[in-house]
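# Analysis of the macromolecular model
If you want the building blocks of each chain, they are given just below.
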Amino acid sequence: MVLEQGLALLGQHFEHLLLLYWGLATFASTVALLPVAWAPRFRAAVQLSACRGKLMDLRPSTRVLGPLSDWTVPQAWFSHFYALGATWNAMVAWMMFAPGSPLPKGQRASAALALALLQLHLCRRWVETVGLLSYPPGARMHGIAYVFGMSYYVLVSLSVLPPVVYPALATLAARRLAWRAPPQLPHPGWLLAQASWLQLAGAAIFLLGNALQCHSHWLLAALGRRGKSRGKQAYRIPRGGAFELVSCPHYLGEVVTYAGLALVACAGLRATAWLMLLWVVTNLSLAAGMTHRWYCEHFKTYPRCRRALFPYVF
């Protein structure tokens, strides 16, 4: 009884909590990204939590997070994000399309398309992380980034749904009603027929971003394999594809992916999806800027024409 009441209360206020979550995350990464003089310890704390892999060389020297400053986990644990995200996204889809679902009929196509695209993206990223990318021995990421990443991949699926479903969804989860019957998934033909031109354009942009990210990860993996074949584990300058334009095309692919998802979610009218995209842009701009700086500091021959994230701009 207490659990049902708690989940019901959470469902009633979940939309505001989501907006607060994405708003605070975007604020933190924006402050850390911009060259502002105020709140130096806060900026250093956010930058420290964003460090991973080779970027650990750029972490702030001051212990801005106290005893948590040295808390790191293996970078290979990135696979946990996508395993959790894909599993949870499938569970959300099951609840959304099970008999008695709170999802309005007019928004079934929007939710189905958004969740299906997310499932594709998350499964692909898990396969890449486990089977394609090879992290150097000893590569670490900050523990706070790990905890935030786990929460992120729980909330991303919920952020593309219409807010009307949250109260009923919490009740269904508490009573386990959503698991009593298999979901009634919409037919792909019906889904495409119901989607608006804006959503179809968003889906195309989403797939384009995935293709860019996948190709960039393939180039990074090939670079790592060549280094191993020569008995070396050191980082090298990436070449080919969009790496000729920016230092982090895999991050650019992520931005394009979430831009497409924001157009798909409720036909581009979902505030949480746009806030999520804004966080992706600011967070990856911060990470790409640090990565670009690291390359420039460690390679005298690094191409000066490359930008960090956005070609010809930043």
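Below is a summary of the structure that appears in this document. All residue numbers refer to position in the chain's written sequence, counted from 1. With pLDDT at 70 or above as the cut-off, local features in this predicted model cover only qualifying residues; side-chain atom pairs require 80 or more to be listed or tallied, and sums for whole chains, interfaces and linings still use all residues. Hydrogens and waters are ignored; side-chain quantities use all the structure's heavy atoms.

Looking at the secondary structure, you find Thr 26 in helix H1 (residues 2-33). In this structure Thr 26 comes out as buried when scored by relative accessible area, which is 6%. In this view, Thr 26 contacts Leu 275, Leu 278, Trp 279 and Thr 282; residues no more than four positions away in its chain are not counted. In this text, helices come from DSSP runs of H or I with a minimum length of four residues, and strands from runs of E with a minimum of two, each type numbered from the N-terminal end. Each residue's exposure class comes from its accessible area (1.4 Å probe, protein chains only) as a fraction of the maximum for that residue type: buried when under 20%, exposed when over 50%, partly exposed otherwise. Whether two residues are in contact is decided by their heavy atoms: any pair within 4.5 Å suffices.

Before going further, it helps to examine helix H5 (residues 143-159). Residue pairs spaced three or four apart in an α-helix point in one direction, given the helix's 3.6 residues per turn. Expected helix span is given by 1.5 Å per residue-to-residue step, counting one fewer step than there are residues. Helix length check: H5, at 17 residues, gives a terminal C-alpha distance of 24 Å against a target of 24 Å (1.5 Å per residue), a fit within 8%. Consider a residue and the seven residues that end there alongside the seven that start there; fitting an axis to each set, the bend is the angle between those axes. Within H5, the axis deviates most sharply at Tyr 153, by approximately 25°. Among the residues making up H5, those that are buried are Gly 143, Tyr 146, Gly 149, Tyr 152, Tyr 153, Leu 155, Val 156, Ser 157, Leu 158 and Ser 159.

Before going further, it helps to examine the state of the cysteines. The definition used for a disulfide is geometric: two cysteine sulfur atoms within 2.5 Å. The tally for this structure, following the rule as stated, stands at zero disulfides. Of all cysteine sulfurs in the structure, the one in Cys 123 sits closest to Cys 214, which takes part in no disulfide; the separation is 13 Å. Relative accessible area serves as the criterion here: at 32%, Cys 214 is assigned to the partly exposed category. Of the cysteine sulfurs around Cys 305, a residue in no disulfide, the closest is that of Cys 296, at 11 Å.

This part covers the environment of Ala 211. Examined against the element boundaries, Ala 211 turns out to sit in helix H8 (residues 197-229). For the pair Ala 211 and Thr 257, spaced 46 residues apart in the sequence, the C-alpha separation amounts to 9.3 Å.

This paragraph deals with the packing of helix H3 (residues 78-96) against H5. Under this scheme, a helix contributes an axis fitted over its contacting stretch, all axes are lines through C-alpha atoms, and angles between N-to-C directions fall in the 0 to 180 degree range. At a closest axis distance of 9 Å, the pairing of H3 and H5 adopts a crossing angle of 25°. As far as their axial angle goes, H5 and H3 are roughly parallel. Every pair of crossing elements has a handedness; the one defined by H3 and H5 is right-handed. Contact residues: His 80, Phe 81, Tyr 82, Leu 84, Gly 85, Trp 88, Asn 89 and Val 92 in H3; Ala 145, Tyr 146, Gly 149, Met 150, Tyr 153, Val 154, Ser 157 and Leu 158 in H5. By definition in this entry, angles of less than 35 degrees are roughly parallel, angles greater than 145 are roughly antiparallel, angles of 65 to 115 are roughly perpendicular, and the rest are oblique. Definitions for this section: a left-handed crossing has its near helix turned counterclockwise from the far helix by less than a right angle. A right-handed crossing has that turn clockwise.

Here we come to the nonpolar core. Counting residues in hydrophobic clusters, the biggest one holds 60 residues, and the most contacted among them are Met 96, Tyr 152 and Tyr 258. Going through the elements one at a time, H1, H3, helix H4 (108-132), H5, helix H6 (166-175), H8, helix H9 (249-264) and helix H10 (271-298) are the ones with two or more residues in this core. Considering each element in turn, this core owes the most residues, nine residues, to H4. Not counting residues within four places of it along the chain, the set of residues in contact with Tyr 152 comprises Tyr 21, Trp 22, Tyr 258, Met 276, Trp 279 and Val 280. In this text, buried Ala, Val, Leu, Ile, Met, Phe, Trp, Tyr and Cys residues form a nonpolar core when linked through side-chain atoms within 4.5 Å. Judged by nonpolar contacts, the second largest core, of 15 residues, contains Ala 28, Val 46, Met 56 and Phe 299.

Within the secondary structure, Ala 221 is located in helix H8. Residue Ala 221 is classed as buried on the basis of its relative accessible area, which comes to 7%. With 93 residues separating them along the chain, Ala 221 and Glu 128 place their C-alpha atoms 9.4 Å apart.

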